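Fold and contact review
Given next are the chains, with one letter for each unit.
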Amino acid sequence: MSTAKKDVIIIGAGAAGLMCAIEAGKRGRSVALLEHAEKIGKKILISGGGRCNFTNLYSNPQNFLSQNGHFCKSALSRFTPADFIRLIEKHGIAYHEKKLGQLFCDKSAREVVAMLQKECRAAGVEIVLNCNVSEIQKGQEFRIQTVRDLFTSDSLVIASGGLSIPKMGATDIAYQIARQFKLTVTPTAPGLVPLVCDQKFLSVFGALSGISVDAEVLCNGVSFRENILFTHRGLSGPAILQISSYWKAGDSVEINLLPNTDLYSILKTNALSRMKLDNFLAQFFSKRFIEKFCETFFEVKPIYQYVDKDLKKIANAIHHWRVTPIGTEGYDKAEVTCGGIDTNELSSKTMESKKVPGLYYIGEAVDVTGHLGGHNFQWAWASGFAAGQYA
Ligand SMILES: Cc1cc2nc3c(=O)[nH]c(=O)nc-3n(C[C@H](O)[C@H](O)[C@H](O)COP(=O)(O)OP(=O)(O)OC[C@H]3O[C@@H](n4cnc5c(N)ncnc54)[C@H](O)[C@@H]3O)c2cc1C
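Residues numbered from 1 in each chain as written. Predicted model: local features only at pLDDT ≥ 70, side-chain atom pairs only at ≥ 80, totals over all residues.

**Side note on the overall build of the chain**
Here is the rule: By the criteria applied, helices consist of DSSP H or I runs no shorter than four residues and strands consist of E runs no shorter than two, each listed in order from the N terminus. Here contacts are defined at the residue level, using C-beta atoms placed from the backbone and a cut-off of 7 Å between them.
Assigned secondary structure in the chain consists of 13 helices and 21 strands. Dimensions of the chain, computed from the C-alpha atoms along their principal axes, are close to 85 × 45 × 35 Å. Put simply, of all contacts in the chain between residues at least 6 apart along the chain, 73% involve residues at least 24 apart.

Rendered as structure tokens:
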């Protein structure tokens, strides 16, 4: 067993840790990045379906959940999507906007990891793989005991992420270290995760697994307009993943299946139609979906046979479909972890702990969670950059 003295030790070679290491290394700090997995950036590699949605052109503080909505502003303003795009372009990585400002690699997420690795090399960062931290102590300096070696450092940056996808190497070490140093951790929950519905729902809609519908989904005063997807366990798709970060056990989710449309007026205009309701509504939806929906909620008959009150009820059911999920698919399927190190514990400028000088927290470990669409990586880059200027 050997002892290595560094200026900065970073735990976790994911997006945030790599960015922080590059920046601290560029300042001439000696940096070691300790990663317990066999390779770096595993989540980057699987992100965006293998193409890494590495940022979002429109990323701004409104795209983030946190007990303190202001905390993320400082870091986000000092390292913007344009800054990351500049890095991507410097390395000749081709990319495109898929939709809604979401930028993806044309070829592969591997290019982003290779880029970060190259930048680490240029900044003189030492990357230590298969490195399990067993104990941390703080005296004059930090002492980080690993299964192999002892490291000592002036600064310790925790970049070990959240709890999502344990099989990709997620651990709770960030929260354990926080507890050791008596830092508050806000309650954590799976975010950007499919919702699970009860047997009654599944006995009807489970058969629609794979079908998606453009909808507006509302929960706890927040709404998202994108597709919802029926699954064999409940609901998923971008609109559901987005709302899942706001959903709490017991909440129902309201789904407007025809946003920006006044279905009651349309039905009134067609009140004399001899078309059956499901056939009429098939102009807006897939036939399989609307047949199922209609047979579940209404007596299906030609439109002229409904009285005005019925038409109102039909329109209401389509615009305000309430579903009460029984849970989420949990950390195994969650893209992110909501909650984490309480932002009151950290400086928004440096990401340093207010109580423990030299201890920094960045990335998903912190109670800052982005919406779907490249915002989580933008937070990882920005918070990593911020800490990298000071650690
Ligand atoms: C399937 C999937 C797809 C996603 N797609 C996107 C996307 O396209 N765009 C987007 O913006 N976001 C996406 N995300 C979210 C994004 O990946 C995370 O928000 C981001 O990776 C967080 O970066 P981080 O560096 O804080 O944590 P992580 O990337 O999780 O990195 C933490 C690192 O710490 C290591 N570690 C953990 N515990 C220890 C320990 N005890 N000792 C040493 N090392 C440890 C881990 O192995 C890991 O390498 C996706 C997430 C998932 C799961």
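**Section: the site of the ligand**
The cut-off we apply is this: Using a C-beta atom placed from the backbone, a residue is scored as near a molecule or strand whenever that atom is within 6 Å of it. Here the nonpolar group is Ala, Val, Leu, Ile, Met, Phe, Trp, Tyr, Cys and Pro; Asp, Glu, Lys and Arg are the charged ones; every other residue, Gly included, is treated as polar.
As a structural note, the neighbourhood of the ligand is formed by 36 residues, with Gly12, Gly14, Asn53, Gly161 and Gly363 the closest of them. Going through the elements one at a time, helix 1 (15–26), helix 2 (42–46) and helix 13 (375–388) are the ones with two or more residues in the shell around the ligand. At four residues, helix 13 tops the list of elements feeding residues into the shell around the ligand. Residues of the shell around the ligand, tallied by class, amount to 15 nonpolar, 16 polar and five charged.

**Brief notes about helix 6 (residues 173–180)**
Formally: Comment: burial labels come from other C-beta atoms within 10 Å of the residue's own C-beta, placed from the backbone, where a count of 20 or more is buried, 12 or fewer is exposed, and between is partly exposed. What the arc describes is the spread of directions from the helix axis to the C-beta atoms.
The complete set of buried residues in helix 6 reads Ala174, Tyr175, Ile177 and Ala178. Projected down its long axis, helix 6 carries its buried residues within an arc of 160°, all on one side. Among the structural elements, strand 8 (133–138), strand 10 (150–158), strand 11 (185–191), strand 19 (336–341) and strand 20 (359–361) are those in contact with the buried residues of helix 6. The first or second residue beyond helix 6 is Lys182, which carries a positive phi of 60°.

**Things to note about the domain arrangement of the chain**
Quick reminder of the rule: Domain boundaries shown here were taken from an automatic or database domain assignment.
Under the domain assignment, the chain is made up of domain 1 (3–189 + 337–388) and domain 2 (195–328). Taking only C-alpha atoms, the centre of domain 1 and the centre of domain 2 are 39 Å apart. Contacts between the two partners involve five residues from domain 1 and, on the opposite side, four residues from domain 2. Looking at side-chain class alone, the side of domain 1 that touches domain 2 contains three nonpolar, two polar and no charged residues.

**Structural notes on the sheet that holds strand 5 (residues 95–97)**
For the record, the criterion: Pairing between strands requires that DSSP locate at least two bridges from one strand to the other. Here the axes come from fitting lines to C-alpha atoms, over the contacting stretch only for helices, and the angles between their N-to-C directions go from 0 to 180 degrees.
Spatial strand order, 3-6-5: three strands in an open sheet with antiparallel pairing. Looking at which strands have only one partner, the edges of the open sheet turn out to be strand 3 (53–56) and strand 5. Adjacent strand axes in the sheet meet at a mean angle of 30° when their direction is disregarded. In the sheet, strand 5 pairs with strand 6 (residues 102–105) via three bridges, with the strands oriented antiparallel. Bridge pairing in strand 6 places His96 opposite Phe104. The strands touched by helix 4 (residues 81–90) are strand 3 and strand 5; relative to strand 3, the strand with the most contacts, the crossing angle is about 140°.

**Some details on the packing of helix 1 against helix 5 (residues 110–122)**
To keep it simple, the criterion reads: An angle below 35 degrees is treated as roughly parallel, one above 145 as roughly antiparallel, one from 65 to 115 as roughly perpendicular, and anything else as oblique. It is the rotation of the near helix from the far one that decides the hand of a crossing: anticlockwise by less than a right angle makes it left-handed, clockwise makes it right-handed.
Across the interface, helix 1 lies against helix 5 with an axial gap of 8 Å and an inter-helix angle of 25°. In terms of their interaxial angle, helix 1 and helix 5 are classed as roughly parallel. Helix 1 and helix 5 meet at a crossing whose hand is left-handed. Here helix 1 contributes Leu18, Ala21, Ile22 and Gly25 to the contact with helix 5, which in turn contributes Leu116, Glu119 and Cys120. Residues that form the contact of helix 1 with helix 5 fall into these classes: five nonpolar, one polar and one charged.

**Focus on the environment of Val185**
Counting through the fold element by element, Val185 comes out in strand 11. For Val185, the residues in contact, after removing those within four places along its chain, are Tyr175, Ala178, Gly340, Ile341 and Asp342.

**Regarding helix 5**
What counts is decided by this rule: One less than the number of residues in a helix, times 1.5 Å, gives the span that helix is expected to have.
When the terminal C-alpha atoms of helix 5 are compared, their 18 Å separation across 13 residues agrees well with the 18 Å that a helix rising 1.5 Å per residue should span. Buried positions along helix 5 lie against helix 1, helix 2, strand 3, helix 4, strand 6 and strand 7 (126–128).

**Structural notes on the pairing of strand 19**
Taken across its six residues, strand 19 has six buried, putting it largely inside the fold. Taken together, the five bridges between strand 11 and strand 19 define a ladder with antiparallel strand orientation. Looking at strand 19, one finds that Val185 is bridged to Ile341.

**Looking at the environment of Gly14**
Within the secondary structure, Gly14 sits in the loop between strand 1 (3–11) and helix 1. With 29 C-beta atoms packed within 10 Å, Gly14 lands in the buried category. In sequence terms Gly14 and Ala380 are 366 residues apart; their C-alpha atoms lie 8.6 Å from each other. In contact with Gly14, other than residues within four places in its own chain, are Gly41, Lys43, Ala159, Gly161, Gly363 and Ala380.

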